[in-house]
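# Understanding the architecture of this molecule
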Amino acid sequence: MEGVPYFIPVEEAQSIAFKTPPLTADEECDLDRAHGRILSQDLVSKVNDPPFDNSSMDGFACRLNPGAIYPLTLKISGVVAASGQEGTNVLGEGEAFRIMTGAPMPEGADSILQIERCEVTADESTVTLLEAPKPHFVRKMSENLTEGEVTLKQGTLLTPSRVGLCATMGYATVPVYKPLVVGILSTGDELKAPGSELKRGEIYESNSYGLAGLVQWMGHKAKRYSSVNDSMDALRTSLDAASDECDVILTSGGVSMGEFDYVRRIMEEEGDIHFWRMKIRPGSPPLFGTWKSTPLFGLPGNPVSSHVVFRMLVAPYLRRALNTEGPVEWKVRAKLCDKIKSTKDCLTLRRVTLTSTEEGMMAHQPRHQGSGNLESLASADALTLLQPGQSGDVGEWIDVLVIE
Ligand code: AMP
Ligand code: MG
């Protein structure tokens, strides 16, 4: 593997992978199905929001007279509801309109007094305002959005409120990226599908399920293949199928230095490796390259490692491919309450639980940190982002990555 970057910092590994992005495509999507999708184009508002001046209160609309003395009695000249009906109401001198939330302001009115501060006569002919009406209860035309303005940018993840905003802007369908199809191939002779009987020496295959969850969490389609035996022929057949059917391939296992680490070997001999190994603990063995021009991440076999490497390498890659920030992961500061074993040259991701206190976030490490211990990840709230050289001593404030 001469000339292939070897055991490089995580950022360098990311930027090498970024140079070989997957092909993306877009499609129009009904708003009903838009939640969790990513915009493939900027969205310009088709309307002003609000489209007309209207009331933010149930009450009375009138004209504010700076010289007036309160209580002040005005003639009620009509009722305006949020009815969508056309036609304009015109306010006369000494008059007020009964107005409902969302109803258009009558012409000549500039302020609202909420109903609680108004007294209406039994015959509803007059109203007495107990105090001055308020201009700030008028929602002005286009104070939220202006027609023609870019409101949501390409790459925006459509959260529930953003899906609603698309409707506010007048869109029934929106342009979004097609989910990428991510193939997941686990490798290892010892792996058995969960549900089957285990013989001595065998374990249940778990990585493909965890990785599929991560792929779906990122909004893409996971295509899980049956696990592949440690043989060059079996691997070649599966990789060929995955490269035909998928936009990106993830393998797990078989990328270390062992004799049976066939993913590394087949990629070396028949594929194209762009880097091998990165400075991360756990999870230093990964490789990235292409198999028949399909981008391929060779993730480590240890369950915690495959997960951590997905978060630090594959997730940034998939985000980058669609120019999106989503889904957002929170990096927060936390104080170490247990000693974390750090390393001189690697980014160290240990599994911690978090408690929020008045002093800030406290991080505990309650479990043993073997990279085969998936339970330590399943019970954790966050991963430490302990930089090379940071001590990991009790009392140190560090960044942690909050995980779902
Ligand atoms: P490898 O990288 O293939 O040497 O695997 C490292 C360790 O992870 C071994 O203990 C494997 O048994 C385990 N392992 C590999 N792949 C999986 C998998 N898909 N699910 C669960 N454990 C795995
Ligand atoms: Mg293996």
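As the structure is a computational prediction, the values presented were derived from the model and not from experiment.

### Regarding the site of ligand 1
In the vicinity of ligand 1 lie 16 residues, with Glu-190, Glu-205, Ser-206, Gly-254 and Gly-301 positioned nearest. Within the complex, 76% of the 480 Å² of free accessible area of ligand 1 lies under protein. Placement of ligand 1 is best described as lying within the second largest pocket. In terms of residue class, the shell around ligand 1 is made up of four nonpolar, nine polar and three charged.

### Here's the deal with the layout of surface pockets
Taken as a whole, the largest pocket encloses approximately 570 Å³ of empty space. Going through the elements one at a time, helix H1 (10-18), helix H6 (303-321) and strand S28 (397-402) are the ones with two or more residues in the lining of the largest pocket. Taken together, the residues that form the lining of the largest pocket break down as nine nonpolar, three polar and eight charged. Lining the lining of the largest pocket are residues from two domains, each supplying at least three of them: domain 1 (6-25 + 178-321) and domain 4 (330-402). Of the voids in this model, the second largest pocket is the one considered here, and its volume is about 360 Å³. Together, 27 residues line the second largest pocket, and Glu-190, Gly-253, Pro-300, Gly-301 and Asn-302 are the ones closest to its centre.

### Considerations on unusual backbone geometry
With an omega of -5°, the peptide bond between Asp-49 and Pro-50 qualifies as cis. With an omega of -5°, the peptide bond between Arg-281 and Pro-282 qualifies as cis. With respect to the secondary-structure elements, Pro-282 resides in the loop between strand S20 (280-281) and strand S21 (287-291). For Lys-292, which is not glycine, the phi dihedral falls at a positive 50°.

### Focus: the nonpolar core
Residues Leu-250, Phe-297, Phe-310, Met-312 and Leu-349 are the most contacted members of the largest nonpolar core, which totals 40 residues. Elements represented by at least two residues in this core include exactly H1, strand S14 (181-186), helix H3 (207-217), strand S18 (248-252), strand S19 (272-278), strand S22 (294-299) and H6. Looking at this core element by element, the count peaks at ten residues for H6. A domain-level breakdown of this core finds at least three residues from each of domain 1 (6-25 + 178-321) and domain 4 (330-402). If near-sequence neighbours (up to four positions away) are discounted, Leu-349 is found in contact with Ile-280, Arg-281, Pro-282, Val-308, Met-312, Leu-383, Thr-384 and Leu-385.

### Describing the sheet that holds strand S17 (residues 221-224)
Read from one edge to the other, the open sheet built from seven strands follows the order S1-S19-S21-S22-S18-S14-S17, with strand pairing classed as mixed. If you trace the sheet from one side to the other, it starts and ends with strand S1 (6-8) and S17, each paired once. Direction aside, the axes of adjacent strands within the sheet are offset by 30° on average. The sheet contact formed by S21 and S22 spans five bridges and is antiparallel. Bridging across to S22, Gly-289 finds its partner in Leu-296. Contacting S1, S19, S21 and S22, H1 crosses the sheet at an angle of about 165° to S19. Running over the sheet, H6 touches S18, S19, S21 and S22 and is turned about 155° from S22.

### Description of the packing of aromatic side chains
Inspection of every chain in the model, using the stated rule, returns six aromatic pairs. Between the aromatic rings of Tyr-6 and Phe-7, the centroid separation amounts to 6.5 Å while the plane-to-plane angle is 50°, which identifies the pairing as tilted. Classification of Tyr-6 by relative accessible area gives partly exposed; the value is 40%. Here Phe-297 and Tyr-317 contribute two aromatic rings whose centre-to-centre distance is 4.9 Å and whose plane-to-plane angle is 75°, an arrangement assigned as edge-to-face. Of the two residues, Phe-297 sits in strand S22 while Tyr-317 sits in helix H6, which places them 20 residues apart along the sequence. Comparing Phe-297 with Tyr-317 shows no difference in burial state: the two are buried. The structure contains a cluster of three or more aromatic residues connected by ring pairs, namely Tyr-6, Phe-7 and Trp-276. One cation-aromatic arrangement involves Lys-46 over Tyr-171; the distance from NZ or CZ to the ring centre is 4.6 Å. Directly above the aromatic system of Phe-7 lies the positively charged group of Arg-277, at a separation of 4.8 Å from the ring centroid.

### Thoughts on H1
Along H1, the positions that sit buried rather than exposed are Val-10, Ala-13, Gln-14, Ile-16 and Ala-17. One side of H1 holds all its buried residues, which, seen down the axis, span an arc of 165°.

### Quick word on the domain arrangement of the protein
One frequent convention defines the size of an interface as the accessible area lost when the parts assemble. Domains assigned within the protein are domain 1 (6-25 + 178-321), domain 2 (30-48 + 147-176), domain 3 (54-139) and domain 4 (330-402). With centres defined by C-alpha atoms, the gap from domain 1 to domain 4 works out at 25 Å. Summing both sides of the interface, domain 1 and domain 4 together bury roughly 1,300 Å²; the carbon and sulfur share of this comes to 72%. Of all residues in domain 1, the largest losses of buried area upon contact with domain 4 belong to Arg-281, Val-304 and Met-312, amounting jointly to 41% of the total for that side. Applying the counting criterion to the domain 1 and domain 4 interface returns zero salt bridges. Looking at the side of domain 1 that touches domain 4 element by element, the count peaks at seven residues for H6. Of the residues in the side of domain 1 that touches domain 4, the class split is eight nonpolar, four polar and three charged.

Calculation criteria
- Residues numbered from 1 in each chain as written.
- Chains lettered and ligands numbered in written order.
- Predicted model: local features only at pLDDT ≥ 70, side-chain atom pairs only at ≥ 80, totals over all residues.
- Heavy atoms only, no water.
- Near = heavy atom within 4 Å.
- Areas by Shrake-Rupley, 256 points an atom, 1.4 Å probe, with all protein chains shown as cover.
- 1 Å grid on protein atoms, 1.4 Å probe; cavity = no way out; pocket = protein on both sides within 12 Å on 5 of 7 lines; lining within 4 Å.
- Sits in = over half its atoms within 2 Å of the grid points.
- Nonpolar A, V, L, I, M, F, W, Y, C, P; charged D, E, K, R; others polar.
- Points joined across faces, edges and corners; volume = space filled by probe spheres on them.
- Helix = DSSP H or I, 4+ residues; strand = E, 2+ residues; numbered from the N terminus.
- Domains from an automatic or database assignment.
- Core = buried A, V, L, I, M, F, W, Y, C linked by side-chain atoms within 4.5 Å.
- Buried < 20%, exposed > 50% of the residue type's maximum accessible area, 1.4 Å probe, protein only.
- Contact = heavy atoms within 4.5 Å.
- Pairing = 2+ DSSP bridges.
- Axes fitted to C-alpha atoms, helices over the stretch in contact; angles between N-to-C directions.
- Phe/Tyr/Trp six-rings, centres within 6.5 Å; stacked < 30°, edge-to-face > 60°.
- Lys NZ or Arg CZ within 6 Å of the ring centre and 35° of its normal.
- Arc of directions from axis to C-beta.
- Buried area = accessible area lost by both parts, 1.4 Å probe.
- Salt bridge = Lys/Arg side-chain N within 4 Å of Asp/Glu carboxyl O.

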